[in-house]
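Letter by letter, the chains look like this.
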Amino acid sequence: MKKILFFVVIVLMISSCTKSQESNWTTLRYQYSSGPLPPPYHYEYEIAINKDCSANMTYKLGYDENTSPLNYSFKIDDDAMSTLCGLIKDSRLLQEKIESVPENQHPIGGSLSRVIIYIVDTDPNLDKPPIVIEAPYFPMKEYAKGFSALYDFIDKLVPQNITDEIAVKKAEFEKK
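Every chain's residues receive numbers from 1 upward, in the order its sequence appears when written. Side-chain atom pairs in this predicted model are given and counted only at pLDDT of 80 or more, local residue features only at pLDDT of at least 70, and totals for whole chains, interfaces and linings cover all residues. In computing side-chain values, all of the structure's heavy atoms are included and hydrogens and water are not.

The helix and strand tally for the protein chain stands at four helices and six strands. Helix and strand definitions here come from DSSP, where helices need a minimum of 4 consecutive H or I residues and strands a minimum of 2 consecutive E residues; each element is numbered from the N-terminal end. When the helices and strands of the protein chain are read in sequence order from the N terminus, they spell out α-β-β-β-β-α-β-β-α-α. Categorising residues by exposure relies on relative accessible area from a 1.4 Å probe, with only protein chains included: less than 20% of the type maximum marks a residue as buried, more than 50% marks it as exposed, and the intermediate range marks it as partly exposed. Out of the 176 residues belonging to the protein chain, those deemed buried represent 34%. Expressed as a percentage of contacts within the protein chain between residues at least 6 apart in sequence, the contacts between residues at least 24 apart total 60%. Two residues qualify as a contact provided that any one of their heavy atoms is within 4.5 Å of a heavy atom in the partner residue.

Shown next as structure tokens:
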């Protein structure tokens, strides 16, 4: 009887850990780089989304570390958060170890995208670091479609007024 009870407890713990990772992520960071372009045309940005629907975008023009990045804060609605959670699940990032294609098969040049998810244990009695799950820049082919859909959706979460302002500042930067 004790063995059966012990087995049931272990199974419940394992299943609750898996479910908590699927739905209890704390922060998602999406990173994009335009790749190796001449300085006026290079840009990179990061969109950080918190589980409370707050979001922040940091946009950097060029390679110069002295250039101040553009920072924007915005909120996403509950429907978008629900869709985002579904796309995270579809990407299988929280359920599986996503492997990268071998280094000799990486494309030469081009843009780079990846997502990093943080899972923080909210129990104040536990002092442990967050779980950090990173997607590779070049996932295996069977995962690429899921990540592409996730990345496209995250990009569309940025409000139009922010993307318009960035486009104006980017055009000015390219003229300099």
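With respect to the helices and strands, the residue Ser54 is situated in strand β3 (residues 54–61). Pairing of N or O atoms within 3.5 Å defines a polar contact, subject to two protein rules: one partner must be a possible hydrogen donor and the other a possible acceptor, and residues neighboring in sequence count only if both atoms are side-chain atoms. A polar atom in the side chain of Ser54 sits 2.6 Å from the side chain of Asp52. With near-sequence residues (within four places) excluded, Ser54 lies in contact with Ala48, Ile49, Phe74 and Lys75.

All right, on to the sheet that holds strand β4 (residues 70–75) then. For two strands to pair, DSSP has to find at least two bridges joining them. If you trace the six strands from one edge of the open sheet to the other, you get β4-β3-β2-β1-β5-β6, paired in antiparallel fashion. Among the strands making up the open sheet, the edge pair consists of β4 and β6 (131–134). The average undirected angle you get between the axes of adjacent strands in this sheet is 15 degrees. Taken together, the seven bridges between strand β2 (residues 43–50) and β3 define a ladder with antiparallel strand orientation. Bridge pairing in β3 places Ile49 opposite Ala55. Axis definition: a line fit to C-alpha positions, over the contact stretch in the case of helices; interaxial angles, taken between N-to-C directions, run 0 to 180 degrees. Packed on one face of the sheet, helix α4 (residues 160–175) meets β2, β3 and β4 and runs near 170 degrees to β4.

As a further point, take helix α3 (residues 141–157). The span you would expect from a helix comes to 1.5 Å times its residue count less one. Relative to the 24 Å expected for 17 residues at 1.5 Å per residue, α3 spans 25 Å between its end C-alpha atoms, a close match to the ideal helical length. Within the span of α3, buried status applies to Tyr143, Gly146, Phe147, Leu150, Tyr151, Phe153, Ile154 and Leu157. If you follow the buried residues of α3, they end up packed against β1 (27–33), β2, β4, α2 (78–91) and β5 (112–119).

Quick look at the confidence of the model for the protein chain now. The predicted model of the protein chain averages 87 in pLDDT, with 87% of residues at 70 or higher. Confidence of the predictor in every single residue is expressed as pLDDT, which spans 0 to 100. A low-confidence stretch, residues 1–22 stays under pLDDT 50, and its non-local contacts, those more than four residues away or across chains, total eight contacts.

Moving on, we come to the nonpolar core. Among the buried residues, those of types Ala, Val, Leu, Ile, Met, Phe, Trp, Tyr and Cys that are joined through side-chain atoms within 4.5 Å form a nonpolar core. If you look at the biggest cluster of nonpolar residues, it comprises 40 residues, and the most contacted ones within it are Ile49 and Met57. Examining the composition of this core, we find that seven residues originate from one element, α3, more than from any other. Non-local contacts of Ile49, meaning those with residues more than four positions away in its chain, are made with Trp25, Thr26, Thr27, Leu28, Ser54, Ala55, Ile76, Met81, Leu84, Ile154 and Leu157.

With respect to the helices, strands and loops of the structure, Ser33 is situated in strand β1. You can call Ser33 buried: its relative accessible area is 15%. Every residue in contact with Ser33, bar those within four places of it in the chain, is listed here: His42, Tyr43, Glu44, Ser111 and Leu112.

We now examine the pattern of salt bridges. Each salt bridge in this description consists of a side-chain nitrogen of Lys or Arg and a carboxyl oxygen of Asp or Glu lying within 4 Å of one another. Under the counting rule described, the total for this entry stands at five salt bridges. For Arg29, the salt bridge is made with Glu46, and the minimal N-O distance between the two is 3.2 Å. One end of the pair, Arg29, is in strand β1; the other, Glu46, is in strand β2, and 17 residues separate them in sequence. Classification of Arg29 by relative accessible area gives partly exposed; the value is 22%. We note a salt bridge from Lys169 to Glu165, for which the minimum N-O separation is 3.5 Å. With Lys169 and Glu165 both in helix α4 and four residues apart, the pair spans about one turn of that helix.

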